[in-house]
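Below, each chain spelled out in residue letters.
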Amino acid sequence: MQVWSWPGFFGYLGNTYLLGGAITTLWLTAISITAGLALGFALAMMRLSRNRAIAAPAFFYIWLFRGTPVLVQLIVIYTGLPQLGIRLSVVQSALLGLSLNEAAYLAEIVRAGILAVPAGQVNAARALGMRGPQVMRHVVLPQALRIIVPPLGNSVNGLLKTTSITSVISMEELLRRTQILIQQKFMVLELFAVAALYYLAMTTAWDFVQRRIERRFGRAYATAAAEVNHR
Amino acid sequence: MIEIQDLGKWYGSVQVLKGCTTHVDKGEVVVVCGPSGSGKSTLIKCVNGLEPFQRGSILVNGVSVGAVGTDLPSLRARIGMVFQSFELFPHLSVLGNLTLAQRKVLGRNATEASARARALLDRVGLAAHAEKYPGQLSGGQQQRVAIARALAMDPVAMLFDEPTSALDPEMINEVLDVMTALAQDGMTMICVTHEMGFARRVAHRVVFMDQGEILEDRPSADFFGAPETDRARAFLSRILHH
Ligand SMILES: Nc1ncnc2c1ncn2[C@@H]1O[C@H](COP(=O)(O)OP(=O)(O)OP(=O)(O)O)[C@@H](O)[C@H]1O
Ligand SMILES: [Mg+2]
């Protein structure tokens, strides 16, 4: 075992193999959060239904996926499903596992956002003759979105790091590629430090994007607050 | 124009409307008053089908509100409603508030809708505020926008649920003035309000409710001149001398 090597650290800082892993981490996150949000939205709408036959399956899904480790879900999808004749590639398994798990959490975030919109707003929209889907699309969701965006941003931050779990099913994302390099080069700390820096760069960049999105959704309210302070 | 016959409504096992019968003719202004919890809000929410009812019938322009086949959204599009807490859409500008339902419900294009919106904002004295957001307006201004939003749908009748009770005293009159002008233009109106000055000046009839029942339904001069029931007398003396 050697001591810390600065040349080793800097040498791997711009390593294209690791950068490729980071890019995989990025698209894993982007696809999983998008698919998870779509499914999560559907689950939230189901849970809000007054019809028990519609609400119950969504409740069960959320209970199941929030109550078991995502690591276990991934392993079951990749190594358990083939037993049922369902054979998914590593990439398919990783995307499916992350999306299904994320959907359960996002469903609760979306549901809380929708419930936070006052009932009076729905009544006002209905009184204008708007139909259920129009009320949802034009009155409830835009207001819910402002409430949903901050926790959704945290989910993206979390998912950027959770993607590393897919390394156990040999998905070649940042962590997996770091480990592969470590096995060849034995620079454990240097390589993990580079990986950590990559993760930090990605989460920090996301923080920046998230703040901009939050400002955009808070615009109507920000001007209102400024006005009130002004008076 | 609006016929309410033997209306009965229950929340679970609690009956909140008991055999209410009244009518509002075209161009008539009816004020509904009564103690808190007497069922005033529930009554007018039944008129545009925001609340379902279990007994009796309501006809609006000959359309039965409670009938199974009635398309409630298109009925509601023709009945304006104004709420105690304004309920402007906070994420939309004033103009956006006035054009949303015109475009999505009536299918007007953006140009038509905003022309109509601006004309109405002018009518309620808020032409200069079209681009602002509701949160930037005072309560009285917000309520006037809410009235304009309802008028933008070209309603055949307007329902008001205590439109001034959430307002600071100095803002009440600007809203009542808009309502008075509307009444003078011949709008059919049901107003739940405790503004007895407005009722005296503007209403053709007063409906007095208590505990889910309509106890008095008379021309406003008669009602204020000599209420028939003890409960109406007690209510009036409480509200006029507080
Ligand atoms: N969603 C509801 N569920 C159960 N009971 C309700 C509901 N809404 C109203 N009620 C009850 O129905 C009765 C009539 O209520 P309503 O709001 O129509 O009275 P109101 O005359 O408008 O009173 P206020 O002057 O306080 O506005 C009250 O006893 C109230 O508690
Ligand atoms: Mg009320």
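Computed from a prediction, not measured in an experiment: that's the story for all the values here. (Residues numbered from 1 in each chain as written. Chains lettered and ligands numbered in written order. Predicted model: local features only at pLDDT ≥ 70, side-chain atom pairs only at ≥ 80, totals over all residues. Heavy atoms only, no water.)

All names here are of chain A. Locating R47 in the fold gives a position in helix α2 (residues 16-47). Classification of R47 by relative accessible area gives partly exposed; the value is 21%. With 13 residues separating them in the primary sequence, R47 and F60 have C-alpha atoms 9.9 Å apart. In this structure R47 touches A55, A58, F59, I62, E108 and R111, once residues within four positions along its chain are discounted. A polar side-chain atom of R47 sits 3.2 Å from a polar atom in the side chain of E108. (Helix = DSSP H or I, 4+ residues; strand = E, 2+ residues; numbered from the N terminus. Buried < 20%, exposed > 50% of the residue type's maximum accessible area, 1.4 Å probe, protein only. Contact = heavy atoms within 4.5 Å. Polar contact = N/O pair within 3.5 Å; in protein donor to acceptor, adjacent residues only side chain to side chain.)

Counting residues at the interface gives 29 residues for chain B, matched by 23 residues for chain A. Around 2,200 Å² of area is buried between chain B and chain A when both sides are counted, 60% of it from carbon and sulfur atoms. Among the residues of chain B in contact with chain A, F89(B), H91(B) and Q136(B) are the three that bury the most area, contributing 24% of the side total. As a salt-bridge pair, R131(A) and D71(B) come within 2.8 Å of each other at their nearest N and O atoms. At the boundary of chain B with chain A, the tally comes to five residue pairs in polar contact (both at pLDDT 80 or more). Breaking the side of chain B that touches chain A down by element, the ones donating at least two residues are α2 (72-76), β6 (79-82), α3 (94-104) and α5 (139-151) of chain B. Split into classes, the residues belonging to the side of chain B that touches chain A amount to 16 nonpolar, seven polar and six charged. (Buried area = accessible area lost by both parts, 1.4 Å probe. Salt bridge = Lys/Arg side-chain N within 4 Å of Asp/Glu carboxyl O. Nonpolar A, V, L, I, M, F, W, Y, C, P; charged D, E, K, R; others polar.)

Residues and elements named next belong to chain B. The strand order β6-β7-β8-β3-β9-β10 describes an open sheet built from six strands, whose pairing is mixed. Of all the strands in the sheet, the pair left with one neighbour each is β6 and β10 (213-219). Averaged over all neighbouring strand pairs, the angle between strand axes comes to 15°, with direction disregarded. Judged from the five bridges that link them, strand β7 (residues 157-161) and strand β8 (residues 188-192) form a sheet pairing that is parallel. Following the sheet pairing, L159 is matched in β8 by I190. Strands in contact with helix α1 (residues 40-47) are β3 (29-33), β6, β7, β8 and β9 (205-210); relative to β7, the strand with the most contacts, it is inclined by about 155°. This element, helix α6 (residues 169-184), spans β3, β7 and β8 of the sheet and lies at about 150° to β8. (Pairing = 2+ DSSP bridges. Axes fitted to C-alpha atoms, helices over the stretch in contact; angles between N-to-C directions.)

Let us look at the packing of helix α4 (residues 110-123) of chain B against α5(B). Residues and elements named next belong to chain B. Where α4 meets α5, the closest approach of the two axes is 9 Å, and the angle between their N-to-C directions is 135°. In terms of their interaxial angle, α4 and α5 are classed as oblique. α5 is crossed by α4, and the crossing has right-handed handedness. The segment α4 lies against α5, with R116, L120 and L121 engaging V145, A148 and L151. Of the residues assigned to the contact of α4 with α5, the class counts are five nonpolar, no polar and one charged. (Parallel < 35°, antiparallel > 145°, perpendicular 65-115°, else oblique. Left-handed = near helix turned anticlockwise from the far one by under 90°.)

Moving on, we get to the environment of S32(A). Residue and element names in this part refer to chain A. Within the fold, S32 resides in helix α2. Note on S32: relative accessible area 0%, which makes it buried. As for S32 and R219, which are separated by 187 residues in sequence, their C-alpha atoms are 28 Å apart. Once residues lying within four places of it in the same chain are set aside, the contact partners of S32 are L95, L98, S99, E102 and L159.

By themselves, these observations are geometric and do not establish any function.
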